[in-house]
Amino acid sequence: MSEKEVKNLEEIFDAKIARDEKIEPKDWMPEKYRQTHIRQISQHAHSEIVGMLPEGNWITRAPSLKRKVALLAKIQDEAGHGLYLYSACETLGISREELYEQLHSGKAKYSSIFNYPTLTWADMGAIGWLVDGAAIINQVPLCSTSYGPYARAMVRVCKEESFHQRQGFQIMMTLAEGTPEQKEMAQDALNRWWWPSLMMLGPLDAESVHTEQSMKWKLKRKSNDELRQQFVDQTVPQADMIGLTIPDPDLKWNEEKKSYDFGEMNWDEFWQVVKGHGPCNKERISARVNAWEKGKWVRDAAMAYAEKKEEKVVKQAI
Ligand code: FAQ
């Protein structure tokens, strides 16, 4: 393609973005746009399926049948989110196998938050309330992201995340209204999950390498710090309502800003976790690799069945 032709295509692409029109898989797009989307969408997909593991740890130990059913349904939803996202990512010209390979070899990132352990039942409450809560705040703006398949996947994901958030908050509320030991368990879970939940929204804007370009492409609609502030402002009154204390001595309502000021996050811890040295990184990857290897016979059987079916159709046609 000549330089002039590329420039022309770039102008059409930029105009579409400016008009808030969606970019679809068969449309021309700059190579960097494609690569950036593969990076973000695949990280997001990996996060959904790795994110099933900390909660999966509690399915057999849920305190009642009702809780077990709700937790199972939530974890299955996360698997579904992973599937929509892998499919959306494949429309950018990368195969599912390549994406899994990147996850299993440690080349691909997934959300830092899923490298923390789930120590008590209250952690199921804290994950739903805080982690899904932060995920919704991050994902609602993604419903109007510029890449069509990603934006459409996000609409359903966000609806399901709302159920997850309420499920988690309801667990926390029940524990907070329970015996002193139950309330203490809820407070302990909040203490452990609060800061990792704030950090899961990404590095400070000043340290965020991708935000500027991603905002121009309307991949990101809000910056990491904007989302974090929104999360804090939304969550603090919820903690107050159920009588739990946010573990931040610097948390203070700022009347001028009409929002909360809050303390500093431990970014050394964040980068350690992102680089693979969190409390559960090795365990998470080995669980995924193990599932992939153990599932090989199922994939082989499904392929063999599909081939047989195809052969039958061809024979009948002859
Ligand atoms: N963990 O320049 P930025 C969920 C990396 S889904 C690990 O700010 P960007 C549902 C980043 O990749 C949760 N790495 O990057 C659920 C980049 O590295 P790279 C996942 C992180 O992309 C609930 C570098 O740092 N959600 O929870 C993290 O503009 C319960 C520089 O950062 C999504 O993926 C992190 N937390 O902004 C499931 C949403 N943060 O790639 C089960 C879509 C940053 O250059 C149970 N993603 N990094 O090597 C996004 O919105 C964005 O990618 C951000 C990061 C906001 C996460």
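This write-up is about the structure you can find in this document. Quick caveat, the model's predicted, so the values are computed rather than measured. (Residues numbered from 1 in each chain as written. Predicted model: local features only at pLDDT ≥ 70, side-chain atom pairs only at ≥ 80, totals over all residues. Heavy atoms only, no water.)

A closer look at the overall build of the protein chain
Along the protein chain, the regular secondary structure elements total 13 helices and two strands. When the backbone C-alpha atoms are referred to their principal axes, the protein chain occupies close to 75 × 50 × 35 Å. In the protein chain, the proportion of contacts linking residues at least 24 apart, taken out of those at least 6 apart, comes to 76%. A total accessible area of about 17000 Å² is found for the protein chain, and carbon and sulfur atoms account for 56% of it. Here the protein chain carries 43 positive and 47 negative side-chain charges, and the mean point of each set is 6 Å from the other. (Helix = DSSP H or I, 4+ residues; strand = E, 2+ residues; numbered from the N terminus. Contact = heavy atoms within 4.5 Å. Areas by Shrake-Rupley, 256 points an atom, 1.4 Å probe, with all protein chains shown as cover. Lys, Arg positive; Asp, Glu negative; His and termini not counted. Charge placed at Lys NZ, Arg CZ, Asp CG, Glu CD.)

Remarks on the side chain of His 37
Tracing the backbone shows His 37 in helix 2 (residues 31-50). Under the relative-accessibility criterion, His 37 is labelled buried at 0%. (Buried < 20%, exposed > 50% of the residue type's maximum accessible area, 1.4 Å probe, protein only.)

Quick look at the site of the ligand
Among the 36 residues in the neighbourhood of the ligand, the closest are listed as Gln 43, Lys 109, Ser 208, His 210 and Lys 220. Within the side chain of Ser 208, an N or O atom sits 2.8 Å from an oxygen atom of the ligand. Between the ligand and His 210 there is a distance of 2.6 Å, counted from an oxygen atom to a side-chain nitrogen or oxygen. In isolation the ligand exposes 1100 Å². Once the protein is present, 92% of that is buried. Counting atoms within 2 Å of the grid points, the majority share of the ligand lands in the largest pocket. A per-element tally of the shell around the ligand places helix 2 first, with six residues. (Near = heavy atom within 4 Å. Polar contact = N/O pair within 3.5 Å; in protein donor to acceptor, adjacent residues only side chain to side chain. 1 Å grid on protein atoms, 1.4 Å probe; cavity = no way out; pocket = protein on both sides within 12 Å on 5 of 7 lines; lining within 4 Å. Sits in = over half its atoms within 2 Å of the grid points.)

Describing the layout of surface pockets
Roughly 1000 Å³ of internal volume is contained in the largest pocket. Here the residues of the lining of the largest pocket are counted per class, giving 18 nonpolar, 13 polar and 12 charged. Taken as a whole, the second largest pocket encloses approximately 210 Å³ of empty space. For the second largest pocket, the lining is made up of 14 residues, of which Gly 106, Ala 108, Tyr 110, Val 274 and Gly 276 are closest to its centre. (Points joined across faces, edges and corners; volume = space filled by probe spheres on them. Nonpolar A, V, L, I, M, F, W, Y, C, P; charged D, E, K, R; others polar.)

Considerations on the side chain of Arg 288
When you line up the elements, Arg 288 lands in helix 12 (residues 281-294). No salt bridge is formed by the buried Arg 288; the nearest opposite charge belongs to Glu 48, separated by 11 Å. Beyond its immediate sequence surroundings of up to four residues, Arg 288 is in contact with Ile 49, Val 50, Leu 53, Leu 103 and His 104. (Salt bridge = Lys/Arg side-chain N within 4 Å of Asp/Glu carboxyl O.)

Let's talk about helix 11 (residues 267-277)
Three or more residues of helix 11 are buried, namely Trp 267, Phe 270 and Val 273. Summarising the axial view, the buried residues of helix 11 lie within an arc of 120°, below the 170-degree limit, and thus occupy one face. Counted as exposed and oriented over 90 degrees from the buried face of helix 11: Asp 268, Lys 275 and His 277. If you follow the buried residues of helix 11, they end up packed against helix 8 (180-199), helix 10 (224-241) and helix 12. N-capping of helix 11 is provided by Asn 266, with a side-chain oxygen placed 3.3 Å from the backbone N of Asp 268. (Arc of directions from axis to C-beta.)

Comments concerning the nonpolar core
Residues Trp 129, Met 172, Trp 193 and Trp 194 are the most contacted members of the largest nonpolar core, which totals 74 residues. By residue number, the principal contributor to this core is helix 6 (residues 122-139), which donates nine residues. Leave out the neighbours within four places in its chain, and Met 172 touches Ala 122, Gly 125, Ala 126, Trp 129, Ala 186, Ala 189, Leu 190, Ile 242 and Leu 244. (Core = buried A, V, L, I, M, F, W, Y, C linked by side-chain atoms within 4.5 Å.)

Side note on the packing of helix 6 against helix 10
In the contact formed by helix 6 and helix 10, the axes pass within 10 Å of each other and the chain directions differ by 140°. One finds that helix 6 runs oblique with respect to helix 10. Of the two possible hands of crossing, helix 6 and helix 10 adopt the one that is right-handed. On the side of helix 6, the interface is formed by Trp 129, Leu 130, Gly 133, Ala 134, Ile 137 and Asn 138, while helix 10 contributes Leu 227, Gln 230, Phe 231, Gln 234, Thr 235, Gln 238 and Ala 239. Of the residues contributing to the contact of helix 6 with helix 10, the split by class is seven nonpolar, six polar and no charged. (Axes fitted to C-alpha atoms, helices over the stretch in contact; angles between N-to-C directions. Parallel < 35°, antiparallel > 145°, perpendicular 65-115°, else oblique. Left-handed = near helix turned anticlockwise from the far one by under 90°.)

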